[in-house]
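If you want the building blocks of each chain, they are given just below.
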Amino acid sequence: MEDLQADLSANGLTVSTTPEKGRCLLSIKDFSPGEVIISQEPYVSVPNNSAVHSRCEGCFRSSNLKKCSACHVVWYCGSTCQKSDWKLHRLECNALSRLEKERQKSLTPSIRLMVKLYMRRKLQSEKIMPTTARDNYNLVEALVSHITDIDEKQLVLYAQMANLVNLILQWPDINVKEIAENFSKLACNAHTICDGELRPLGTGLYPVISIINHSCLPNSVLVFEERLAVVRAVQHIPKGTEVLISYIETAGSTITRQKALKEQYLFTCTCPRCRRMGQYDDIQESAILEGYRCKDDRCDGFLLRDSDDIGFICQQCGLVRNKEEIKRLASELKPLSDKATMSSSSHYVEATSIYKMIEKLQTKLFHPFSINLMRTREAILKILMEMKDWRAALTYCKLTIPVYQRVYPGFHPLLGLQYYTCGKLEWLLGETEDAVKSLTKAADILQITHGTNTPFMKELLFKLEEARAEASHKRSSKDK
């Protein structure tokens, strides 16, 4: 711990402990928006490989892949990644090669992550792999497991997974109970590794990053540069302030956020946003994001249940919406939502038709800023992009922007990425002036959350410069 404190201190940080949260990361200097607070390579990581899609074990890229000829499980994009991973994969390869083909089908990312965790510990204890202040198994041991808070069904599942890991390793001194507890640690502490556009690529364990606590109003954001986890400030962080990130999707009511945190991370959030629960502004926000719309289409008021439980009263115009009407619309939505979930993503026309029927009903039922309506429009946007129907895709992207602006803080990567999508579509459709505005908004946000040196950000900034040059050329041509 002393080594870690010394290492962090050189970077303007310290580990502290609070009675309410346990360990936390504090700043011992000021951090500015966009400044890197801390970065860490994973202790262990695995790509999200499937039967139809694979990624390189080293860099998580999906092109020019070749399967390991011995274990037939792991993929590499080339010799560089294969060599850098060899010390660890040599052990893993021997273990996976012994497995029957049927057993190999049980190798979920979680199982592989745990196998690699124990192999890395072994190699470090034998001095085959080096250790540093930020890269050693002691940091994994110090992570919270919440094992005593887990229900029996989950405990049984962890025990079964631990037995499979034991079967793969075949080490005489292995502790199956400890493996089960480590699975509980992974559930609370592992991070989903994403690309620059926040698409999931794999899973990694970052023991120092895991010290950072959650807030629904975070002052920092966690992004990834390949497998490197990078935490950047999204606002001014004065000396002596706790560094906070968000563990979950924060677009939603306080009740929804609290439920997600309790189920996944087994704690109750007490951030300033959550402490407002039950207050009028929090009730209003919940009613807008997850409640119903006024039956007068011209009114954008929010509805609250009346005292007689007969219906819902618009808090702006006073109109009452009957509970039975809401039940009827909800009952029409249910089978369509089930059908959309079951529909194949490759049948674009059918899927678009279903989602548009859902959208029509949701528009009648929910408030215009409804999270449910936003998610439906996101699904339609994704399908339209796959279909290359750029004009319709732009229409739907623009419909989501006002909701994004409402549910996310100013420097949130998802808001920046939605502006980026909007800008790309506008430029593609020849709406160059609008594209410059959207891409500028995207760059203003994403330079804070993503920095400027990643391939993704370089591409965005290059597109912006091209769009500006094209807009300038169009203006000068008009003037002539």
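None of these values were measured; they are calculated from a predicted model.

1. Considerations on the UniProt feature "domain: MYND-type" (unreviewed entry) in the protein chain
- The UniProt entry lists residues 56-93 under the feature "domain: MYND-type" (unreviewed entry), expressed in the numbering used here.
- Within the segment residues 56-93, helix and strand shares are 37% and 11% respectively, and the terminal C-alpha atoms sit 15 Å apart.

2. Observations concerning the state of the cysteines
- Under the definition given, this model contains 0 disulfides.
- Unpaired in this structure, C56 has its nearest cysteine sulfur neighbour in C81, at a distance of 3.7 Å.
- Not engaged in a disulfide, the cysteine C422 finds its nearest cysteine sulfur in C397; these two sulfurs lie 4.4 Å apart.

3. Remarks on the pairing of strand β2 (residues 22-27)
- When strand β1 (residues 13-18) meets β2, the two strands line up antiparallel, connected through 6 bridges. Bridge pairing links L13 to S27 in β2.

4. Some points on the packing of helix α14 (residues 390-407) against helix α15 (residues 413-428)
- Look at α14 against α15: their axes get within 9 Å of each other, and the N-to-C directions meet at 155°. Taken together, the axis directions place α14 and α15 in an arrangement best described as roughly antiparallel. Handedness of the crossing formed by α14 with α15: left-handed. Residues W390, A393, L394, C397, K398, T400, I401, Y404 and Q405 of α14 form the contact with α15, whose participating residues are L414, L415, Q418, Y419, T421, C422, L425, E426 and L428.

5. Concerning the pattern of salt bridges
- Tallied over the full model, the rule gives 30 salt bridges.
- Ionic pairing is found between R406 and E285, a salt bridge with its closest N-O pair at 3.2 Å. On the criterion of sequence distance, the pair formed by R406 in helix α14 and E285 in helix α10 (residues 280-290) is long-range, its members being 121 residues apart.
- Here the salt bridges share partners, and the residues they tie into one network are E57, E92, R112 and K116.

6. Looking at the environment of R275
- With respect to the helices and strands, R275 occurs in the loop between α9 (254-265) and α10.
- Counting along the chain gives 21 residues from R275 to T254, while the straight-line C-alpha distance between them is 9.0 Å.
- Among the polar contacts made by the side chain of R275, one reaches the main-chain carbonyl oxygen of T270 at a distance of 2.6 Å.

7. Re the packing of aromatic side chains
- Following the criterion strictly, the structure yields 10 aromatic pairs and no others.
- Taken together, a centroid distance of 6.3 Å and an interplanar angle of 10° make the contact between Y158 and F183 stacked. With Y158 in helix α7 (residues 152-169) and F183 in helix α8 (residues 176-189), this pair connects stretches of sequence that are 25 residues apart.
- Ring pairs connect the aromatic residues Y247, Y265 and F267, which therefore count as one cluster.
- Its end group placed over the ring of Y43, R120 keeps NZ or CZ at 5.0 Å from the ring centre.
- Over the ring of F369 we find R406, and its NZ or CZ is 5.1 Å from the ring centre.

Conventions and cut-offs
Residues numbered from 1 in each chain as written. Predicted model: local features only at pLDDT ≥ 70, side-chain atom pairs only at ≥ 80, totals over all residues. Heavy atoms only, no water. UniProt positions renumbered as here; feature names shortened; annotations may be inferred. Helix = DSSP H or I, 4+ residues; strand = E, 2+ residues; numbered from the N terminus. Disulfide = S-S within 2.5 Å. Pairing = 2+ DSSP bridges. Axes fitted to C-alpha atoms, helices over the stretch in contact; angles between N-to-C directions. Parallel < 35°, antiparallel > 145°, perpendicular 65-115°, else oblique. Left-handed = near helix turned anticlockwise from the far one by under 90°. Contact = heavy atoms within 4.5 Å. Salt bridge = Lys/Arg side-chain N within 4 Å of Asp/Glu carboxyl O. Polar contact = N/O pair within 3.5 Å; in protein donor to acceptor, adjacent residues only side chain to side chain. Phe/Tyr/Trp six-rings, centres within 6.5 Å; stacked < 30°, edge-to-face > 60°. Lys NZ or Arg CZ within 6 Å of the ring centre and 35° of its normal.

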